[in-house]
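Working through the structure, step by step
Letter by letter, the chains look like this.
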Amino acid sequence: MKNASTTRRDEIAAGLARVERRIADACAAAGRARDEITLIAVSKTYPASDVRILSELAVRDVGENKDQEASAKAGECAGLPVRWHFIGQLQTNKARSVVSYADMIHSVDRPRLAEALDRAAVAAGRRVACLVQVALDDEPGRGGVPPDQVPALADVIAAAGGLTLGGVMAVAPLGADPAPAFARLREVSAALREKHPAAGVISAGMSGDLAEAVAHGATHVRVGTALLGRRTPFVR
Ligand SMILES: *Cc1c(COP(=O)(O)O)cnc(C)c1O
């Protein structure tokens, strides 16, 4: 048991070192400072014990994409100095639960969801940061609003007393060069900040494309596989 967890800790530490190197290289190439980028460790499908190890390794931001799994894990990790990011598609009836543990919700993609989150946050006496998820391709079912609908949804979030408008989030289109998509996201972000100057978060970049995301202004990268290993199939 002891040996097994020592091994797991070594594995995660090695993954973290590789990811930090990639972020540092991407920052150097883009002329950016490392502290402009928040690394979110995506722990979905991995146990609370991995979050504990990440926390011991000074990772302070953790991402999950399913409420049931996330709420259980956040409960098991109560007391750890980590912030929870909700990054998955979200049903309105999960708003109350997600708001109880999440510090930032990356996947707000419709006014009705923003309104449900606002009601839940107000009821809980919390203020939760929300990002507008932007669809950067025409693939249905991956979440996000088209760029032309971002301003209206952003206004709903900004007007909500229980929410703060953090910025934008996107997932690059599958199997295509991510650079044009991230460039588009940066434009969407710049337009948004004309009206909402504080909404500076650009959540973009995953294990496969974090360097391109950093090159195009990402402030938050969401990294799972490169830190914790390949997830078993079927879970996504
Ligand atoms: C799973 C997930 C990630 C992390 O993906 P990896 O390729 O494992 O780094 C990032 N963003 C979202 C929205 C995810 O669902």
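Residues numbered from 1 in each chain as written. Predicted model: local features only at pLDDT ≥ 70, side-chain atom pairs only at ≥ 80, totals over all residues. Heavy atoms only, no water.

An unreviewed UniProt entry lists the chain under the name Pyridoxal phosphate homeostasis protein, from Sphaerisporangium aureirubrum. Entered under Sequence similarities (unreviewed entry) in the UniProt record, the comment concerning the chain runs "Belongs to the pyridoxal phosphate-binding protein YggS/PROSC family." (UniProt positions renumbered as here; feature names shortened; annotations may be inferred.)

**Some details on the pattern of salt bridges**
A pair can form between side chains of opposite charge whenever their charged atoms are brought close. One pass over the full model with this rule turns up twelve salt bridges. The salt bridge partner of R8 is D50, with a shortest N-O separation of 2.6 Å. Of this pair, R8 sits in helix α1 (residues 2-30) while D50 sits in helix α2 (residues 48-56), and the two are 42 residues apart along the sequence. Judged by its relative accessible area of 16%, R8 is buried. (Salt bridge = Lys/Arg side-chain N within 4 Å of Asp/Glu carboxyl O. Helix = DSSP H or I, 4+ residues; strand = E, 2+ residues; numbered from the N terminus. Buried < 20%, exposed > 50% of the residue type's maximum accessible area, 1.4 Å probe, protein only.)

**Some details on the UniProt feature "modified residue: N6-(pyridoxal phosphate)lysine" (unreviewed entry) in the chain**
Following the UniProt record, the feature "modified residue: N6-(pyridoxal phosphate)lysine" (unreviewed entry) maps to K44 here. Summarising the element assignment, K44 is placed in the loop between β1 (38-42) and α2. Take K44: its relative accessible area is 11%, and that puts it in the buried class.

**Comments concerning the site of the ligand**
As a structural note, the neighbourhood of the ligand is formed by V42, K44, I87, M169, M206, S207, R222, V223, G224, T225 and R231. In this structure, R222 approaches the ligand through a side-chain N or O atom, which is 2.9 Å from a nitrogen atom. Separating an oxygen atom of the ligand from a side-chain N or O atom of T225 is a distance of 2.6 Å. Protein burial of the ligand: of its 380 Å² of free accessible surface, 91% is covered by the chains. Residues belonging to the shell around the ligand are distributed by class as follows: five nonpolar, three polar and three charged. (Near = heavy atom within 4 Å. Polar contact = N/O pair within 3.5 Å; in protein donor to acceptor, adjacent residues only side chain to side chain. Areas by Shrake-Rupley, 256 points an atom, 1.4 Å probe, with all protein chains shown as cover. Nonpolar A, V, L, I, M, F, W, Y, C, P; charged D, E, K, R; others polar.)

**Some thoughts on the side chain of D61**
With respect to the helices, strands and loops of the structure, D61 is situated in strand β2 (residues 61-64). A polar atom in the side chain of D61 sits 2.8 Å from the side chain of R83.

**Considerations on the environment of S71**
Following the sequence through the fold, S71 ends up in helix α3 (residues 67-76). The class for S71 is partly exposed, based on a relative accessible area of 29%. Sequence spacing of S71 and S97 is 26 residues, and the spatial spacing of their C-alpha atoms is 7.3 Å. Aside from chain neighbours lying at most four places away, what touches S71 is S97 and Y101. (Contact = heavy atoms within 4.5 Å.)

**Topic: helix α7 (residues 178-195)**
Over its 18 residues, α7 runs 27 Å from end to end, which matches the ideal 26 Å to within 8%, given 1.5 Å per residue. The N-terminus of α7 is capped by D177, whose side-chain oxygen sits 3.0 Å from the backbone nitrogen of A179. (Expected span 1.5 Å × (residues − 1).)

**Brief notes about the environment of Q68**
When you line up the elements, Q68 lands in helix α3. Assessed through its relative accessible area of 70%, Q68 is described here as exposed.

**Concerning the nonpolar core**
In terms of nonpolar packing, the biggest core is built from 69 residues, with I105, L117, I157, L163 and V221 touching the most fellow members. With residues up to four places along the chain from it excluded, the contact list for I105 reads F86, L90, V98, V99, L117, V128, A129, C130 and L131. One finds M104, L131, M169 and V201 within the second-largest nonpolar core, a separate group that totals five residues. (Core = buried A, V, L, I, M, F, W, Y, C linked by side-chain atoms within 4.5 Å.)

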